[in-house]
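Here are the chains, one letter per residue:
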Amino acid sequence: MKADPVLVQLDGVSYTYPQASAPAVDQVTLEAGAGTVTCLMGVNGCGKSTLIDCILGENSLTSGQILLDGTDISTLRPSALARKVSYVPQVHERAFPYLVRDVVLMGRTPYQGILGSSSDADQEIVDRALRLCRIERLADRPYTQLSGGEMQMVLLARALAQQTSFILMDEPTAHLDFRNELSFMETVVQLVRNQGVGVFIATHSPNQAFFFEWSGVPTVCTLMSAGRVYQTGAPSQVLTSENLHDLYGVHARIVSTPTSTGRPLNQILLISTEECSHDQKR
């Protein structure tokens with residue numbers, strides 16, 4: 001399956017925090033396409049979240065360039081950038097009991113005038129986003145009363161209401177139970193497949209990358225180590241026992257299961273963080 005054109009291009013991107021002795025992101029070059037899931041993986045502190053903040057324009061680059069639809073993001077005003085890229089965080093502070101509908105409506109802010117009033121068209125877009133995320137039933141619930149899984153689906157709906165071609169996600173399923181994690185990933189697959197959205201997701205789960213690949217959407221996995229790109233390719237190519245050992249210091253086995261789709265479903269079987277015996281490695 002051929003991926004759609006490149007949406008985001010990072011060319012030699014580096015970023016060093018003030019007073020830090022070494023860059024958190026070091027000479028990163030990669031691309032993310034429309035209609036493609038790009039999974040960013042690596043140990044805690046390897047630079048994943050910092051890289052996402054660079055794409056969001058939160059960090060001023062030490063060197064390099066980030067192009068969004070061919071335009072250097074440093075030349076874009078925040079409102080213009082928000083019309084091109086949306087964001088689903090890992091956690092979100094629920095300080096005020098806004099209704100779910102109003103939280104999703106916040107995704108329309110980049111398109112509203114100085115008074116911030118919403119139009120009938122904005123409300124229709126919100127309703128569509130709620131339907132796509134299958135949370136219409138929550139529309140009039142206070143945001144503060146939602147479960148973690150429901151909250152993440154609301155944040156995804158808010159990102160959809162921005163109507164961007166590219167969505168950044170920073171470990172969005174980190175606090176979800178198994179069912180809600182699967183529901184979230186299924187929704188992402190549908191958005192990529194049916195809406196042509198490009199998704200760039202930082203994750204700690206190799207099985208998520210395998211799931212996206214098995215679902216038939218173009219999937220790229222970029223492994224990071226110490227702020228640099230370690231390897232990039234299809235999950236089935238780069239998520240090997242050897243690479244997982246090099247990056248995470250774990251001993252793992254890749255299990256491939258036949259499925260009715262004709263595409264085997266790969267899964268990670270973790271064995272140990274210690275040295276395995278010869279029998280375990282076979």
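Keep in mind the model is a prediction, meaning the values are calculated, not measured. (Residues numbered from 1 in each chain as written. Predicted model: local features only at pLDDT ≥ 70, side-chain atom pairs only at ≥ 80, totals over all residues. Heavy atoms only, no water.)

### So, unusual backbone geometry
- With a phi close to 55°, aspartate 69 is a non-glycine residue in the positive phi region.
- Looking at the element boundaries, aspartate 69 is found in the loop between strand 4 (63-68) and strand 5 (71-72).
- Since its relative accessible area comes to 40%, aspartate 69 is described here as partly exposed. (Helix = DSSP H or I, 4+ residues; strand = E, 2+ residues; numbered from the N terminus. Buried < 20%, exposed > 50% of the residue type's maximum accessible area, 1.4 Å probe, protein only.)

### Describing the sheet that holds strand 9 (residues 219-225)
- Strand order in the open sheet formed by six strands is 6-7-8-3-9-10, and the pairing between neighbours is mixed. This sheet does not close on itself; its edge strands, each paired only once, are strand 6 (85-88) and strand 10 (228-233). Taken pair by pair, the neighbouring strands of this sheet meet at an average axis angle of 20°, ignoring direction.
- Sheet topology places strand 7 (residues 166-170) next to strand 8 (residues 198-202); five bridges connect them, and they run parallel. For leucine 168, the partnering residue across the bridge sits in strand 8 and is phenylalanine 200.
- Packed onto the sheet, helix 1 (residues 48-55) meets strand 3 (37-41), strand 6, strand 7, strand 8 and strand 9 and runs at close to 150° relative to strand 7. (Pairing = 2+ DSSP bridges. Axes fitted to C-alpha atoms, helices over the stretch in contact; angles between N-to-C directions. Contact = heavy atoms within 4.5 Å.)

### Section: the side chain of glutamate 171
- Turning to its location among the elements, glutamate 171 is positioned in the loop between strand 7 and helix 6 (178-195).
- Buried within the structure, glutamate 171 lacks any salt-bridge partner; its nearest side chain of opposite charge belongs to lysine 48, at an N-O separation of 4.4 Å.
- Here the side chain of glutamate 171 touches histidine 204 through a polar contact of 3.3 Å, side chain to side chain.
- Leave out the neighbours within four places in its chain, and glutamate 171 touches Lys48, Gln90, Ala202, Thr203 and His204. (Lys, Arg positive; Asp, Glu negative; His and termini not counted. Salt bridge = Lys/Arg side-chain N within 4 Å of Asp/Glu carboxyl O. Polar contact = N/O pair within 3.5 Å; in protein donor to acceptor, adjacent residues only side chain to side chain.)

### Remarks on the sheet that holds strand 2 (residues 25-33)
- Reading across the sheet, the four strands line up as 2-1-4-5 and stay open at both edges, with antiparallel pairing between neighbours. Edge positions in the sheet fall to strand 2 and strand 5, since each of these pairs with one other strand and no more.
- Judged from the six bridges that link them, strand 1 (residues 6-15) and strand 2 form a sheet pairing that is antiparallel. Along strand 2, the bridge assignment pairs valine 13 with valine 28.
- Contacting strand 1, strand 2 and strand 4, helix 1 runs over the sheet at an angle of about 115° to strand 1.

### Thoughts on the nonpolar core
- Judged by nonpolar contacts, the single largest core of 53 residues is most densely connected at Val37, Val104, Met169, Phe212 and Leu239.
- No other element matches the nine residues that helix 5 (residues 148-161) contributes to this core.
- Phenylalanine 212 has contacts with Val37, Cys39, Met185, Val188, Val189, Ile201, Val217 and Thr219, leaving out every residue within four places of it along the chain.
- With 28 residues, the next largest nonpolar core counts Val13, Tyr15, Leu40 and Leu51 among its residues. (Core = buried A, V, L, I, M, F, W, Y, C linked by side-chain atoms within 4.5 Å.)

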